[in-house]
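Structural overview for review
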Amino acid sequence: MVGKLTSDAKLSGSKAPVLMGEAHPSFGDSRNDLMAQVLNAQGKGNYQTSQFTGSEPADWGNELESTIIRKAVERLGIDKYDDEVTEVYSYGDMFSVSLDGILFNPDPKIISSAPGIILMNGQDRMGLVGNGIIESKLTSAPYTENPPPYRGPWQLQMQMLCFGCDWGVIATLYQGTRLVLNVYEANKEQQSALIEAAEDFYSRLDGPDWYPAMDGADASRTYGNGEDDLPPVDLEPIADTALEYYEARRAEKAAGAYAKSLEPALMDYMAKHENAFLNDESGERMFEVKWPTRTTKPQPEKIIPAKPGKVERQKSLTINAKWMGDDE
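Residues numbered from 1 in each chain as written. Predicted model: local features only at pLDDT ≥ 70, side-chain atom pairs only at ≥ 80, totals over all residues. Heavy atoms only, no water.

1. Notes on the state of the cysteines
We apply this condition: Throughout, a disulfide means two cysteine sulfur atoms within 2.5 Å of one another.
One pass over the structure, following the stated rule, counts zero disulfides. Distance from the sulfur of Cys-162, which forms no disulfide, to the nearest cysteine sulfur (Cys-165) is 10 Å.

In C-alpha cells form, the structure reads like this:
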C-alpha cells in the first residue's frame, strides 16, 4: 500500500463505478458528487460534496492488502509481482489510475478454474499473455460469485485500459475467512463504455451541466443554498411529474390520516396485549402489530451547549398545507 497517487482533477480508477452510475447504493458518491470533486480540484469552484472520512474496514483493507496479493499470487502460480507500484498510469487526458499490484508473466500460461479461482470469461480455462494487474479488496459482505460493479469490475477495466494489459484479477477477502480470485479479460465493450461516459462527463464540466439527481440528498448538495430573490419556477414543462408528485403526497397524507383513524379499534381489541397478528386464509402470517409499553428513565436537567449555526439546503420538498386539502 503506497497511498493515494492519482489527482482528483482527473477521473481515476476508484471512481469508475461512480462514473458509470453504479456506485454503492448506500454510501457511494453520485455522478454530481464526482463532478463537484473534479471541479473543486481543477480550481473551478467550491462545491459541496459528500464526505467520507474513512472507516475501520477501509483501514483493514489497506493493512491486509499486501497479504491478500501475496496469497493470490501463490494461488495463481505467478513467480514475480510488485505490490508497491508508485507509477500512475493514464489513458490520454481522460483517466489516471494507480495499481495495487502488477503480476509479471514473461511466458504465456494457461490457468484453470479451481476452488477460489473464478474465470470471468465463462470458460474452464483462460490464457494469460503478458503482464497482468491485481486489485485487492476486503469486505464484510457475504461471498458472491460475481463482484458487484462497485467492488472492482469497472475499476479493473479502467486500470487494464490505462496499463495496457489483457488480463487482471480482483482478489477479494470475504468476511476475513474466504479469499476469492476473479480473473478477467480486458473487455473492449466495457472500456469503450467508460470512454464514452468520460467524454460526456468532461463535456458537462463547462456550465456545469449536472446529471439528474439520484435522490434528495444528491440534489441538496448539487444545488447548494437556494436564492430567495429568484422568482418561482413554473413547473409546466414537467407538469406530468409535478402532478404525480402532488397526488402522491396527498395520497400519503390521506393514507396516514386513515391509518390513524383505524388504530383505536385495534387498540381496543388488543387491550392489555402488546402483540397481535393477522394470518391469511392459508394460515400464513401476513403481518404483526406491536403496541409496546415504554419506560423512560428520569433525566437530570441539562444545559445544552451552544452549537454553531449552519446553512444547508433541505433534502426534501415542502407543500404548504393549504394545497394539501386541509381547507376542503
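That shown, we press on.
2. Concerning the sheet that holds strand β9 (residues 132–139)
Each strand in a sheet pairs with another by means of backbone hydrogen bonds, the pair being arranged parallel or else antiparallel. Spelled out, the test is: Pairing between strands is defined by DSSP: at least two bridges between them are needed. We count a stretch as a helix when DSSP gives it H or I for four or more residues in a row; a strand needs E for two or more, and each element gets its number in order from the N terminus. A fitted line through C-alpha atoms serves as each axis, taken over the contacting stretch for helices, and the angle formed by two N-to-C directions is quoted from 0 to 180°.
Judged by pairing direction, the sheet is mixed, and its six strands sit side by side in the order β2-β5-β9-β10-β11-β7 without closing on themselves. Two strands lie at the open edges of the sheet, namely β2 (80–82) and β7 (117–119), each paired on one side alone. Taking the axes of each pair of neighbouring strands and ignoring which way they run, one obtains an average angle of 25° across the sheet. As defined by bridge partners, β9 adjoins strand β10 (residues 167–174) across seven bridges and the pair is classed as parallel.

3. Re helix α8 (residues 239–270)
The following threshold applies: Expected span of a helix: the number of residues minus one, times 1.5 Å. Here the bend at a residue is taken as the angle between two axes, fitted respectively to the seven residues that end there and the seven that start there.
The terminal C-alpha atoms of α8 lie 46 Å apart, and with 32 residues this matches the ideal 46 Å at 1.5 Å per residue to within 8%. Its axis deflected by about 25° at Leu-262, α8 carries its strongest bend there, up to four residues before the proline Pro-264. Among the residues trailing α8, Ala-271 stands out with phi positive, at a value near 50°.

4. Side note on the environment of Leu-317
Inclusion rule: Any pair of residues with heavy atoms lying within 4.5 Å of one another is described as a contacting pair.
Residue position: Leu-317 is located in the segment after β13 (285–290). The spacing of Leu-317 and Arg-285 is 32 residues in sequence and 37 Å in space, taken between C-alpha atoms. Beyond its immediate sequence surroundings of up to four residues, Leu-317 is in contact with Tyr-245 and Arg-249.

5. Here we look at the sheet that holds strand β4 (residues 95–97)
With respect to topology, three strands assemble into an open sheet ordered β1-β4-β3, the strand pairing being mixed. Only two strands of the sheet have a single neighbouring strand rather than two, namely β1 (11–12) and β3 (89–91). By the bridge criterion, two bridges tie β1 to β4 in an arrangement that is parallel. In the sheet register, Ser-12 faces β4, and the bridge partner there is Ser-96. Each of β1, β3 and β4 is contacted by helix α5 (residues 153–163), which is oriented at about 100° to β4, the strand it contacts most.

6. Observations regarding the nonpolar core
How we decide: Among buried residues, the Ala, Val, Leu, Ile, Met, Phe, Trp, Tyr and Cys ones that are joined through side-chain atoms within 4.5 Å form a nonpolar core. Relative accessibility decides the category of a residue: with a 1.4 Å probe and only protein chains considered, values under 20% of the type maximum give buried, values over 50% give exposed, and everything between is partly exposed.
The biggest cluster of nonpolar side chains holds 38 residues, and the ones touching the most others in it are Leu-19, Tyr-89, Phe-95, Leu-99, Met-158, Leu-194 and Phe-201. Counting only elements with at least two residues in this core, the list comes to α1 (16–19), α2 (31–41), β4, α5 and α6 (188–204). Setting aside anything within four residues of it in sequence, one finds Leu-194 in contact with Ala-16, Leu-19, Met-20, Phe-95, Trp-154, Gln-157 and Met-158.

7. Here we look at the packing of aromatic side chains
Spelled out, the test is: Only the six-membered ring of Trp is used, alongside the rings of Phe and Tyr, when aromatic pairs are assigned; centres must lie within 6.5 Å, and planes under 30 degrees apart are stacked while those over 60 apart are edge-to-face, with the rest tilted. Whether a charge sits over a ring comes down to the Lys NZ or Arg CZ being within 6 Å of the ring centre and within 35 degrees of the ring normal.
Counting across every chain of the model gives five aromatic pairs. Aromatic side chains Tyr-143 and Tyr-174 sit 5.4 Å apart centroid to centroid with 85° between the ring planes, which places their arrangement in the edge-to-face category. Within this pair, whereas Tyr-143 is found in the loop between β9 and α5, its partner Tyr-174 is found in strand β10, the two being separated by 31 residues in sequence. Classification of Tyr-143 as partly exposed rests on a relative accessible area of 32%. Measuring from ring centre to ring centre gives 5.5 Å for Phe-201 and Tyr-202, while their planes differ by 85°; the resulting arrangement is edge-to-face. Overall, Tyr-202 belongs to the partly exposed group, its relative accessible area being 21%. The ring of Tyr-211 is capped by Arg-204, whose NZ or CZ atom sits 4.1 Å from the centre of that ring. Positioned above the aromatic ring of Phe-277 is the side chain of Arg-285, whose terminal nitrogen or guanidinium carbon lies 4.0 Å from the ring centre.

8. Looking at the pairing of strand β12 (residues 275–279)
Within a regular strand, side chains alternate between the sheet's two faces. Relative to β13, β12 runs antiparallel, the two sharing five bridges. Within β13, the position partnered with Ala-276 by the bridge is Val-289. What sits between the antiparallel neighbours β12 and β13 is a turn of five residues, in which Gly-283 has the positive phi angle 90°.

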